[in-house]
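Given next are the chains, with one letter for each unit.
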Amino acid sequence: HVLYHRPDVEHTAFLERYRDLSWENREDWFEAWKHGLTGFPIVDAGMRQLRTTGWMHNRVRMIVAMYFTKDYFLNWRLGEKFFMQNLIDGFLASNNGGWQWSASTGTDAAPYFRIFNTYNQSEKFDPDGTYIREFVPELRGVQGPAIHDPEQLPGLLRSRLDYPKPLVDRVKAREKAIDAFRKLRPV
């Protein structure tokens, strides 16, 4: 219904007040995300599953989209387009709605200050790390909670992993995203 009555949302934010967000322009982050090399295991597992199978569970879609739009603060349109190019079940209306929900720019969107903690999401929805181990083989040998955050591993163990370090600091990225949205909030 939204796309029928507001066809402009295919290319622009549903919420007009967020159309002027100054998204980051980091091709290196975009490439890392597309290839599952962000340093955040649940995000990387999701993106590798997408590239391998053309599908991922809706929860993982929300996690990787929220990470893309809030941690990397990249324009949701880029992620939405990549999903549509790679999903075997890609449907414009639901894909657009999901991306705008994650980016806090759409109808009934997640409030801009609600930002998934990728580690908490990973622990809650993949508690044993089974999903991560399936799609991120370089972490298969990691045991315990470090499967969700390899940075917890002692230095020597971490250095033996052929797995990237996170490209962004989650806490700083969250603050930056909230600040950008807060500046555009209506009075």
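To keep things clear, this report deals only with the structure shown in the data block. (Residues numbered from 1 in each chain as written. Predicted model: local features only at pLDDT ≥ 70, side-chain atom pairs only at ≥ 80, totals over all residues. Heavy atoms only, no water.)

1. Considerations on the nonpolar core
Counting 53 residues, the largest nonpolar core has W33, V43, M47 and F83 as the members making the most contacts within it. Mapped onto this core, the elements with two or more residues apiece are α2 (27-34), α3 (41-53), α4 (58-71), α5 (76-86), α6 (92-103), α8 (130-135) and α10 (170-184). For this core, the element with the most residues is α4, which contributes eight residues. Among residues more than four places away in sequence, those in contact with F83 are W33, M47, L50, M56, R61, V64, N95 and W99. (Core = buried A, V, L, I, M, F, W, Y, C linked by side-chain atoms within 4.5 Å. Buried < 20%, exposed > 50% of the residue type's maximum accessible area, 1.4 Å probe, protein only. Helix = DSSP H or I, 4+ residues; strand = E, 2+ residues; numbered from the N terminus. Contact = heavy atoms within 4.5 Å.)

2. Here we look at α3
Here α3 contains 13 residues, and its C-alpha end-to-end distance of 18 Å stays within 8% of the 18 Å for a straight helix at 1.5 Å per residue. Among the structural elements, α2, α4, α5, α7 (118-125) and α8 are those in contact with the buried residues of α3. Just downstream of α3, G54 is the residue with a positive phi angle, here 80 degrees. (Expected span 1.5 Å × (residues − 1).)

3. As for unusual backbone geometry
Most of the time, phi is negative for any residue but glycine, and the peptide bond is trans. Positive phi outside glycine occurs at F73, with the angle close to 55 degrees. Look at F73 and you get buried, because its relative accessible area is 4%. Here S104, not a glycine, exhibits a phi torsion of approximately 65 degrees, which is positive. Considering the arrangement of structural elements, one finds S104 in the loop between α6 and α7. A residue is classified by how much of its surface remains accessible, and S104, at 3% relative accessible area, is buried.

4. Quick word on the environment of G144
Of note, G144 is situated in the loop between α8 and α9 (155-159). On the basis of relative accessibility, which here comes to 42%, the residue G144 falls in the partly exposed class. Placed 15 residues apart in sequence, G144 and G129 show a C-alpha to C-alpha distance of 8.4 Å.

5. Focus on the packing of α2 against α5
One can describe the packing of α2 onto α5 by two numbers: an axis separation of 12 Å at closest approach and a directional angle of 35 degrees. Considering the relative orientation of α2 and α5, their crossing is right-handed. Between α2 and α5, the residues in contact are F30, W33 and K34 and L78, G79, F82 and F83, respectively. Among the residues forming the contact of α2 with α5, the class breakdown is five nonpolar, one polar and one charged. (Axes fitted to C-alpha atoms, helices over the stretch in contact; angles between N-to-C directions. Left-handed = near helix turned anticlockwise from the far one by under 90°. Nonpolar A, V, L, I, M, F, W, Y, C, P; charged D, E, K, R; others polar.)

6. A few points about the layout of surface pockets
Each pocket or cavity is described by its volume, and for the largest pocket that value is around 210 Å³. Surrounding the largest pocket, 14 residues form its lining, N58, R61, S94, N95 and G98 being those nearest its centre. Those elements that place two or more of their residues in the lining of the largest pocket are α4 and α6. With five residues, the single largest contributor to the lining of the largest pocket is α6. When the residues that make up the lining of the largest pocket are grouped by side-chain class, the tally is six nonpolar, six polar and two charged. Size it by volume and the second largest pocket reaches roughly 160 Å³. (1 Å grid on protein atoms, 1.4 Å probe; cavity = no way out; pocket = protein on both sides within 12 Å on 5 of 7 lines; lining within 4 Å. Points joined across faces, edges and corners; volume = space filled by probe spheres on them.)

7. Notes on the packing of aromatic side chains
The description of two aromatic rings rests on the distance between their centres and on the angle between their planes. Applying the stated rule across the entire model yields 20 aromatic pairs. Between the aromatic rings of W33 and W99, the centroid separation amounts to 5.9 Å while the plane-to-plane angle is 80 degrees, which identifies the pairing as edge-to-face. Placement of W33 in helix α2 and of W99 in helix α6 is noted, with a sequence separation of 66 residues between them. For W33, a relative accessible area of 0% puts it in the buried group. Judged by centre distance (5.6 Å) and plane angle (10 degrees), the rings of Y112 and F181 are stacked. Here the residue Y112 occupies a position in the loop between α6 and α7, and F181 occupies one in helix α10, the gap between them amounting to 69 residues. On the basis of relative accessibility, which here comes to 8%, the residue Y112 falls in the buried class. (Phe/Tyr/Trp six-rings, centres within 6.5 Å; stacked < 30°, edge-to-face > 60°.)

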